[in-house]
Amino acid sequence: MVLRWSFCSVLQVVSALLLVLPSCCALPYILQQSYNRFRTGSHGEETILNTSSVSPDTFGKLWTYSTDGKVNAMPLYVPELDFGGSIGVRNALYVATMNGVLYCFDADRNETIWSYDVRSPELGIDVVSFIEIQRVGMDPNLPGNVYGNIGILSTPIIDFSNRTIYFVCRVKKLLPIVGSDNFTVQYGFELHARHIVTGADRYGTGRVSINATTGIASKRYGAIDKTLLFDPYLHNNRPGLAIARNQIWIAYGAIADKGAYRGWVMTYDMYTLRQTCAWVDTKSTGAGGIWQAGRAPPVDDEGFVYYEAGNGDFDGVYNFGQSFFKLSFENNNISVVDWYLPTDTGMDWAATNKLDYDVGSTGMMLIPGTDLILGSNKLGTIYILNRKNMGGEGFNNSNAYQNFANRGKGELANYVKNNYAYYNRGGCLGSWFYIWAEKMPMNAYHFNGTHFWTLPVSSTAFKGLSGTSSGGAVAVSGDGSKPGTGIVWATIPTVKGGAEANLIPGAVFAYDAEDLSRIVWNSTINQDRDDLGIFAKFVQPVVANGRVYISSFTNSGTIIVYGLNNYSSPVPPPPPPPNFSPPSVGGSFTTFDITVSPKTPCSPTYLQGSNMAFRINGTQNAELNLPRNQTYLFRLGVPCTYPFYLTTDPRGGMFDTGRITAGVSTSAAPFPEPAGVATYLNPLRQPQVIPCQDGMVTLTVVPYRWNIDGLIEFTTRAYAYDGVPQIPGPTIAMKAGKQCQIRIVNSLSKWTPVANCTYHSNTMHCPDTTNLHTHGLHISSHQDDVHTAIKPAEFLTYTYDMPADHLMGTMWYHAHHHGSVTLQVAGGLAGALLVEPADDYVLPADLAPLYQESKVMLMQHVHLAGSDTGATAAFTMMDYAAVSKAYASATEAYESYTPNAYFRNQTLKQFFTINGQYQPVVPLRPDHVTLLRFINAGVARFVELELTDPSSRCQWRLIARDGVFHAPPYSQPLAIVLASGGRADVAIKCSAGAALIAVASKPNTIRDSAMGTENRHSQTVMFWLNVTADGQPAQSAFPTSAAPLPSYLSSLLNAQVARSNITQILLSAGTGSEQNINRKPFPGMVGPVSERYIDRVCLGSVYEYDIVPPGSGFGAAPAGKTSAHPYHQHINHFQLVNFNNVDMAAANDIVRMGEWRDTVPAFAPNGVTFRFRPTAFTGVMVMHCHILPHEDYGMMALFNILPAGSQQCFYNGTTNSSTGGSSSSGSTAPPLYFADVSVMDNYYDPATITVYAGTNIMWTHGAEVPHTVTAGEPGEPVPSNDPNYFQGLTPSFGTQYSHTFWSVGTFPYYCEFHGAMIGTVTVVAAPTTAPAGGLRKRDVGGATTAYAPATSAGATTGIPPHIDRYASAIWQSPGANGWSYNFAYNTSAAQPVPLSYFQDPTQTVKGTRDNKYL
């Protein structure tokens, strides 16, 4: 009788409680022991093998892999892995042997892809023979429990996200004895990490010796007063490896429980392979070995790890022998957070210890979808525990959630020393647990969702044999929970005797998972064909993709592969597309497209016909090395077939294979290019988006062979995510109020210093040392620390605690190690970083849809050696090997990865890519507004995007700059001008039309006066716009709403400035290649503190700076060529307040008054003025030129942000942390020395302002229509001959008018065009004391000639407070009545000499404005 039908109706009542195996356990990836971290031993995605397809007639042995050594570790399986080159995409099987060899086999044919042997005769390293260690406390005449060599005994584990396999190997090393021909033997264990694609050392760590010490508690609750040393000679690593909380978990017991062993658990960081903790389960006594029949510990969703210990003492404090325990890893420490000590009826732990009835023989299993965990002892008692409350000590098995004995009718429980399995059978059948003990049948127990039925619901007729020290190793496969697909696979000895001390035969059984009385197949039915040979104890069958992989000890080690005899991999080609007809035979060329969909090979009949040109959309022909999306011409003659690979994965993975049938040319004559066929049709790809919201993203820096659409190929550096290198790097999506961790793992060449890498040298150096900068984030300098150095084989985790009010917007990330920034960013180490707002942030309704469908447009400058002359030739991008050779100093040595760059198109040696593509096509819907998020990730060049659109089909609007929204109405620029590092969110809309629209980078002579003539990129086509309907609704209107900005970006146009004068930051060239700020190169973080910072500022105060460029370009640039150096500031955005006589017609597409930026061109030749207010974060703030070669050569400096109220923060003798007129003490703040007023539509901002006498006020037009600034009130203007008369016109955006107020009083003014626009200036008397800190004279290039302390300073009455900004000289000299001041106005047409005084000795040079204000 088939029992399942007899209780089906009962199960239907509780069907709601039935559990489905979660997706984590049903993947076709078998990456760890027992299939998954739950250790269910089941595979839920097997669609080929089922109870109908498997039979003695259809299923059997296919081939055998020969291995160097026995296989005690469970094989692992990775499907569809791209090995590149001629190997291509394969299903891979990983097999580890007791002779220390790791194999990567092709899982579908008897072929070795690669192998790695731990043994090294050169180093004297070999694996250990059991004979060498079996005499430790043993009778030499008795067999042990391991046969032959002991190399890789435990099952490895694969971290697929980083394409890494980890394993532990037991080794010995022969060490020569000095003065003798003899050797001494050193025993040990080694941890290895290898790349699953190449087999190469994964993190540059090589062989990691496993050693450990830990404290020992004195007997019974005593203090920890001794140190225990891990002895690799005594201990044995049988449990499979696990990964939890970024640690590799390794556990140890002993050989046959002999010697002074203990149960050890060790953790190693999975990226550095450095030991983080070692823990012992019997600290004060001993024993407690962890072996678990090779089973790896389960890992729950919270990262807790569950082990069981064998015979040993227990006290629940220092000793946990014979118990189940739950371990936590926190702060590099392992601790027990819960445990359960079972005891059978009438026996305490001491009795079970003496009788060897411990619980260490099977390992544990998490029951998916519940809080339950299952284990057993050697007697066959099954324990079900609640992992949230395991139960503590339970005499007579009390306190367990459930327990029952594994026994059937007339059967007594017996030894359980093997792996078991769990399978959800679906429908009303529920989940079953399968266990096969020694001398017993395999039993299945039903789980109803909360409890197990305590009697078997199905059993096999065949029983395990006695004396084998093993039952059956069990695994289950099925197609989800579909009835009739579940098969229980088991290996079991077929004769009596110790299964490892003796080589005994075994068999493979396949049972119906719904009825264990039914044998579907076994290897003894057709033994000549299917014989297993010698049984391998504890090794579970591996079932994947229609094949079963079984370890056999025959011939000293093999893996036998079973499968369907009539099963083959090829998929028949799909039918031709609708309405397809082959081109007619003839001499003309015919053009048509092949549209490839995922997982769909092309039919070989599609391309048969006459001479033709065809375009392969979305394919990559690997053998012919044909770039994707290009037109190829074939003259048909003798038919031939070309293999190709297709992919729809933008990262380049998950390939399928197919074939294209065309012809071969029988003529040497070149094929003519058919008219009207586009050479490229390269759809824009979006980088992979990785959410990082209270999570971690791991990026590995790797060498990468970059093929740019077949045009150019060279080796460079790339960020790899999930093991896949990507240029650009993946887009990381952060969120305000959430934490994001980004781990950077440096897997570049090994750095081999002879002396030391000079990390703060202002040269190109250390090309393989990296770090990370998040460009645009408002975060702590400790979180955005660009002064760290991540050397090869090192890693660093950056933790970003995003403020809850962080602005949403387009940011980016890139490498920022000083000296290698240019080389690494130019090579591809950059990616987009999109910040999402907090949940309570409301984006206006007309903006929200744009950001839901936005497209990242990350631009990277491919700038190859020899492609440029003049100023920037030294900084061109080149092949990785050439970079390493050119920029490795005499103290450094670098590996060379590949030959030099390959150029398919010799004329293209300098161009921009968009998302790693050359001239991609951006799809747009007709009359639909689409948001393009531009990021200039090039290292030096300005990009000036213009629409090449003769029919004027397209319009665009500038929505945001550098991640900050503009104030509406959003403008229609002629060009989108982006400095290196700059960003722009642009809304674009185009009308329908057949022709593609080119977007070019076009330097315009109108902008020459503002930008200079250097570092401006010209490219006829940056990308194409293709306007095609897709049936989706269109948003036709451009947005007009204002997006709210966070409070830390409140306008500073009218804020009180902390200092009365502007600080000048001069960007200039030094000697040779040196680049300077204020005529000093970057001192780094190693010099004196006094030399380290360019300025000290305080939280909450507002500061104003002039950024002034040099008069010529970098280095030896030709005379007359100037460069608008892009100034970039970390952490805090700044607001533009003055453009210093720049023609606004020239600057209109580049900057706007009042914009918030983090990167801005310093206009040639007069510079730009900005204000910023440091908020929230103290510490170091970096600023530098974002022409990255200039940064590497020293054009970088540091601000020191101090807490509010620090003594270095002065405003006329008082500290200032105010905004909008309030001092830090809450009193009314002093008036401004210099003031700005914005002229807006219908109002002045601010409408009222108070200033000192002698203060100059500048009104700046920020509106759409003309306005005036006229003294008086509407209808009562001040007469033109009145001393207090002023009148100015601001006719258009950006125009300015200024007036200096000398008289004390109140002065109203208004707009003559708009009578309701009124404002008021209140003027108070100037101060009569010197500023705190005294005065001193300093010219631009000279030394300070005097310094007067504040206590010595006096002042004459009536000194105009602005003289430090507008006077040609300031002198200070002692007089009879104290200090006197002499000054002279510069009334000539020449630019005044920028002299200044200092309020504090630590402050830097203050600049002047031009003399038009005097």
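This section reports on the structure supplied with the text. All figures in this text were calculated on a predicted structure; none of them were measured in a lab.

The rules behind the values
Residues numbered from 1 in each chain as written. Predicted model: local features only at pLDDT ≥ 70, side-chain atom pairs only at ≥ 80, totals over all residues. Heavy atoms only, no water. Helix = DSSP H or I, 4+ residues; strand = E, 2+ residues; numbered from the N terminus. Buried < 20%, exposed > 50% of the residue type's maximum accessible area, 1.4 Å probe, protein only. Contact = heavy atoms within 4.5 Å. Core = buried A, V, L, I, M, F, W, Y, C linked by side-chain atoms within 4.5 Å. Pairing = 2+ DSSP bridges. Axes fitted to C-alpha atoms, helices over the stretch in contact; angles between N-to-C directions. Salt bridge = Lys/Arg side-chain N within 4 Å of Asp/Glu carboxyl O. Polar contact = N/O pair within 3.5 Å; in protein donor to acceptor, adjacent residues only side chain to side chain.

**Points about the overall build of the protein**
Thought 1: Within the protein, the regular secondary structure consists of 13 helices and 89 strands.
Thought 2: Counting across all 1414 residues of the protein, residues that qualify as buried make up 61%.
Thought 3: Within the protein, contacts between residues separated by at least 24 positions form 68% of all contacts whose residues are at least 6 apart in sequence.

**Points about the nonpolar core**
Thought 1: Core analysis: the biggest nonpolar cluster contains 48 residues, and Ile1065, Phe1172 and Phe1199 have the highest contact counts within it.
Thought 2: Broken down by element, this core gets its largest block of residues, 4 residues, from strand 78 (residues 1196-1202).
Thought 3: Setting aside its immediate chain neighbours within four residues, isoleucine 1065 contacts Ile1077, Asn1078, Ile1094, Tyr1105, Asp1106, Ile1107, Val1108, Tyr1127, Met1183 and Phe1199.

**Notes on the sheet that holds strand 77 (residues 1179-1185)**
Thought 1: With respect to topology, 5 strands assemble into an open sheet ordered 70-78-77-72-75, the strand pairing being mixed. Edge positions in the sheet fall to strand 70 (1095-1098) and strand 75 (1159-1161), since each of these pairs with one other strand and no more. Strand-to-strand twist across the sheet, computed as the mean angle between neighbouring axes with direction ignored, equals 25°.
Thought 2: Relative to strand 78, strand 77 runs antiparallel, the two sharing 6 bridges. Looking at the pairing, valine 1180 lines up with asparagine 1200 of strand 78.

**Some points on the pattern of salt bridges**
Thought 1: All chains considered together, the criterion is met by 27 salt bridges.
Thought 2: In this structure, aspartate 768 engages arginine 717 in a salt bridge whose closest nitrogen and oxygen atoms are separated by 3.5 Å. In this pair, aspartate 768 sits in the loop between strand 51 (739-746) and strand 52 (773-775) while arginine 717 sits in strand 48 (residues 712-721), placing the two residues 51 residues apart along the sequence. Of the two residues examined, aspartate 768 and arginine 717, each falls in the buried class.
Thought 3: In this structure, arginine 983 and aspartate 962 form a salt bridge, with 3.6 Å as the shortest nitrogen-oxygen distance. Residue arginine 983 is located in strand 65 (residues 983-990), and its partner aspartate 962 is located in the loop between strand 62 (954-961) and strand 63 (964-965); the two are separated by 21 residues in the primary sequence. Across the pair, aspartate 962 and arginine 983 agree in class, each one buried.
Thought 4: One network of salt bridges, with partners in common, ties together Arg961, Asp962, Arg983, Glu1155, Arg1157 and Asp1158.

**Structural notes on the side chain of arginine 961**
Thought 1: With respect to the secondary-structure elements, arginine 961 resides in strand 62.
Thought 2: Aside from chain neighbours lying at most four places away, what touches arginine 961 is His966, Val977, Leu978, Arg983, Asp1149, Ile1150, Glu1155, Trp1156 and Arg1157.

**Quick look at the environment of tyrosine 1105**
Thought 1: Turning to its location among the elements, tyrosine 1105 is positioned in strand 71 (residues 1103-1108).
Thought 2: Between the alpha carbons of tyrosine 1105 and valine 1168 there is a distance of 8.3 Å; along the sequence they are 63 residues apart.
Thought 3: Of note is the side chain of tyrosine 1105, whose polar atom sits 2.7 Å from the side chain of aspartate 1095.

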